[in-house]
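# Coordinate analysis (summary)
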Amino acid sequence: MNNFKKNFLKKRYNAERRFQWYGKIAIGLALTFLAVFMFQIFSKGYSAFQKTWIVTEVHYDKELLLIDAESPSKDDLENADYYDVAYKAMTSLDPGLPEEEDRQLIQMVSYKYETEVKDLLLKNPDFLGKIVPIKLTASDDIDQVHKGNYPRDIPEKNRRVNDYQLQIYDMLNERGDILSEFNISFFTNPDSREAELAGIASSFMGTVFSILVCLAFSFPVAVLAAIYLEEFAPKNKFTDFIEVNINNLAAVPSIVFGLLGLGILLAVFNLPRSTPLVGGITLSLMTLPTIIIAARASLKAVPPSIREAALAMGASNMQTTMHHTVPLSMPGTLSGTIIGLAQALGETAPLILIGMVAFVNTIPGTPVDPAASLPVQIYIWSESAERGFVEKVSACIMVLLAFLILMNLAAQIVRHKFEKKWS
Amino acid sequence: MSKIKAENVNVYYGSKQALFDVSIDIAEKEVTALIGPSGCGKSTFLRCLNRMNDVIDICRVEGSIKMDNLELNSRKLDVVRLRENVGMVFQKPNPFPKTIYENVAYGPTIHGIAQSKEEMDQIVETSLKKAALWNEVKDRLDEIGTGLSGGQQQRLCIARAISVSPEVILMDEPCSALDPIATAQIEELIDDLKKEVTIVIVTHSMSQAARVSQKTGFFHLGKLIEFGSTDKIFKNPDKQQTQDYITGRFG
């Protein structure tokens, strides 16, 4: 081998090595971004799954509750006045505090503390007349102090928690009367203006209903359209035109579909505003082209020899399609559907336009109840000023990601099942 | 006796003519081999006999093809019924990606041939036996047909084709993807089948045509050059072109 050839060969090997390194660097970069993103979300969000409680004692005094009956019925307990009892439960933490300063103590628990006092008695009617310990939801400021997210070294007038409240907190903490438990209410509560009470139940259900409506509308329509276009429609200028338009539809920005939903579904058909029904239909306009394209591609990928075999057996076009081509194309169609739904899952803009951005503090039971959705919830919370919402945003993102992962997992399992069956 | 009578068949793919005035008489319960170089139109002709050319949009067939006095090249013909009577085996084994049982039972199912499960079992067993596959698969009928070896797959396709008891079976180079042992098995099978069915086979193997067929037709550039008894074609053809092709001087 002469020198020139040797050098030439060396250059070729070097070029290949360099190319592999570029690839490795690219993958490394992508993984780094992902890791930073995940770390950011988890480090900020994990604390949202912890809830802070303040433990105090409550005296269910019949007089203060304004209960006259000797053995009060459920109704009596329901209609009793809990204001004073609850108030006393909090102020008893520092009996020496002058009355006009009471608010400082009351502000340490959520504004719903009176309901919590009431609920405990309704659950345990024999507590009446007794002094019992009670867990009250800490306000989001105390919650943040307890989680260490609240800097104490800034001047008092710039702080939402003043020195007195910090002092009480420290005292309670020393006594072990500040509890940190898994935050069930984050999953069971609807949205709230108070960070300590806000949960994702309404937006989660909204998302579930929207996705179901979206699936119910887009999947059958898209699959039928794909089958017709691929297997039955004559190939001419008109079907070419339709194909081009489907591809265009897939590239339309989602906010445009939101406007369509607003203009047609709400304005013309008068469907209920802010509901998963409208949200789901709007999203299905978006997923429709994605599913059609995926379904057509996987129909095209079915080997023609299978079609020929069925036709040669005397199967009609319809039988060939339904017995062989469509089942064989199902794995591809399903993964296309999941990709479309995953896009829809993360979609915010069209939902904002059809009013799913409204503040909803009830949990929707049906697709025609007002609801938010997870991405919209993230958007709403990220605009809130309270420190307590910062961790909620990250936690909500985590739930959304978990939802996505679960969906992809389900898709994989379904795919796997179909593939096993058909090949 | 003549089973299929083709007269002046012309086939066009768009503006390109693939067959020129082909006239041929295919005898009943015999094996007719169609030979010729690639692209000579023998497969195209074969696909006219069960109207598989319908699948190709740009394909146009002219002329008359009669099977038992039924005009095949007619718009009014019920293609589904025709294909029930004219089975086909393709070049590449193409069993359905379903179980062996379902593969054979598919034809009888869509044509409503079996009245009961027992009858269907019987049809599947008979078809697999006729295709000389029964002994190899009888214990694993619920396995996927595509998991069999190439030769077994092709015999499964033959079993599928005969499950509806067709009068004619068309074979489009059925052994070109198989090894010599599998080929020998298929050829034996063809010999058995011709007692009951008329077989038209397209093949690239001259020796195969000589072994299995009674009549042979030689195609070249879309024309049927010569048609006659296999013996005559291989030993003493009328046309020089046939002679050249058979002795390997071109093609």
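Keep in mind it's a predicted model, so treat the numbers as computed, not measured.

### Digging into the domain arrangement of chain A
Along its sequence, chain A is carved into domain 1 (1-28), domain 2 (50-182) and domain 3 (201-422). Taking only C-alpha atoms, the centre of domain 1 of chain A and the centre of domain 2 of chain A are 71 Å apart.

### Comments concerning the environment of serine 185 of chain A
Residue and element names in this part refer to chain A. Positionally, serine 185 belongs in helix α9 (residues 185-188). Taking the C-alpha atoms as reference points, serine 185 and leucine 374, separated by 189 residues in sequence, lie 16 Å from one another. In contact with serine 185, not counting residues within four places along its chain, are Lys51, Leu197 and Gly199.

### Let's talk about the sheet that holds strand β7 (residues 168-172) of chain B
Residues and elements named next belong to chain B. With mixed pairing, the six strands of this open sheet are ordered in space as β6-β7-β8-β3-β9-β10. Two strands bound the open sheet, and with one partner strand each, they are β6 (86-89) and β10 (223-229). Ignoring strand direction, the axes of neighbouring strands in this sheet form an average angle of 15°. Inspection of the sheet shows β6 paired to β7 by four bridges, in the parallel sense. Across the sheet, residue methionine 88 finds its bridge partner in β7, namely leucine 170. Contacting β6 and β7, helix α6 (residues 150-162) crosses the sheet at an angle of about 170° to β6.

### Some details on unusual backbone geometry
It is generally the case that most residues other than glycine have a negative phi and that most peptide bonds are trans. Residues and elements named next belong to chain A. The phi angle at asparagine 270 is positive, at roughly 55°, despite the residue not being glycine. With respect to the helices and strands, the residue asparagine 270 is situated in the loop between α12 (254-266) and α13 (276-300). The exposure class of asparagine 270 is exposed, given the 8 C-beta atoms found within 10 Å.

### So, the packing of helix α11 (residues 237-250) of chain A against α13 of chain A
Residues and elements named next belong to chain A. Two elements in contact, α11 and α13, have axes whose closest approach is 8 Å; the angle formed by their N-to-C orientations is 125°. Compared by their axis directions, α11 and α13 come out oblique. α11 and α13 meet at a crossing whose hand is left-handed. Between α11 and α13, the residues in contact are Ile246, Asn247, Leu249 and Ala250 and Pro289, Thr290, Ile292 and Ile293, respectively.

### Observations concerning the nonpolar core
Within the largest apolar cluster, 74 residues are counted, with the highest numbers of intra-cluster contacts made by Val9, Ile169, Leu170, Ile199, Val200 and Ile201 of chain B. Here this core takes six residues from α6 of chain B, the largest share from any one element. Leave out the neighbours within four places in its chain, and isoleucine 169 of chain B touches Gly87, Val89, Ala161, Ile162, Leu193, Val197 and Ile199 of chain B. The next biggest cluster of nonpolar side chains, apart from the first, holds 63 residues, and it includes Val223, Leu285, Leu288 and Leu400 of chain A.

### Considering the environment of lysine 98 of chain B
Residue placement: lysine 98 of chain B occurs in the loop between β6 and α3 (100-110). In this view, lysine 98 of chain B contacts Asn103, Ile144 and Gly145 of chain B; residues no more than four positions away in its chain are not counted.

What counts, and at which threshold
Residues numbered from 1 in each chain as written. Chains lettered and ligands numbered in written order. Predicted model: local features only at pLDDT ≥ 70, side-chain atom pairs only at ≥ 80, totals over all residues. Domains from an automatic or database assignment. Helix = DSSP H or I, 4+ residues; strand = E, 2+ residues; numbered from the N terminus. Contact = placed C-beta atoms within 7 Å. Pairing = 2+ DSSP bridges. Axes fitted to C-alpha atoms, helices over the stretch in contact; angles between N-to-C directions. Buried ≥ 20, exposed ≤ 12 C-beta atoms within 10 Å, placed from the backbone. Parallel < 35°, antiparallel > 145°, perpendicular 65-115°, else oblique. Left-handed = near helix turned anticlockwise from the far one by under 90°. Core = buried A, V, L, I, M, F, W, Y, C linked by C-beta atoms within 7 Å.

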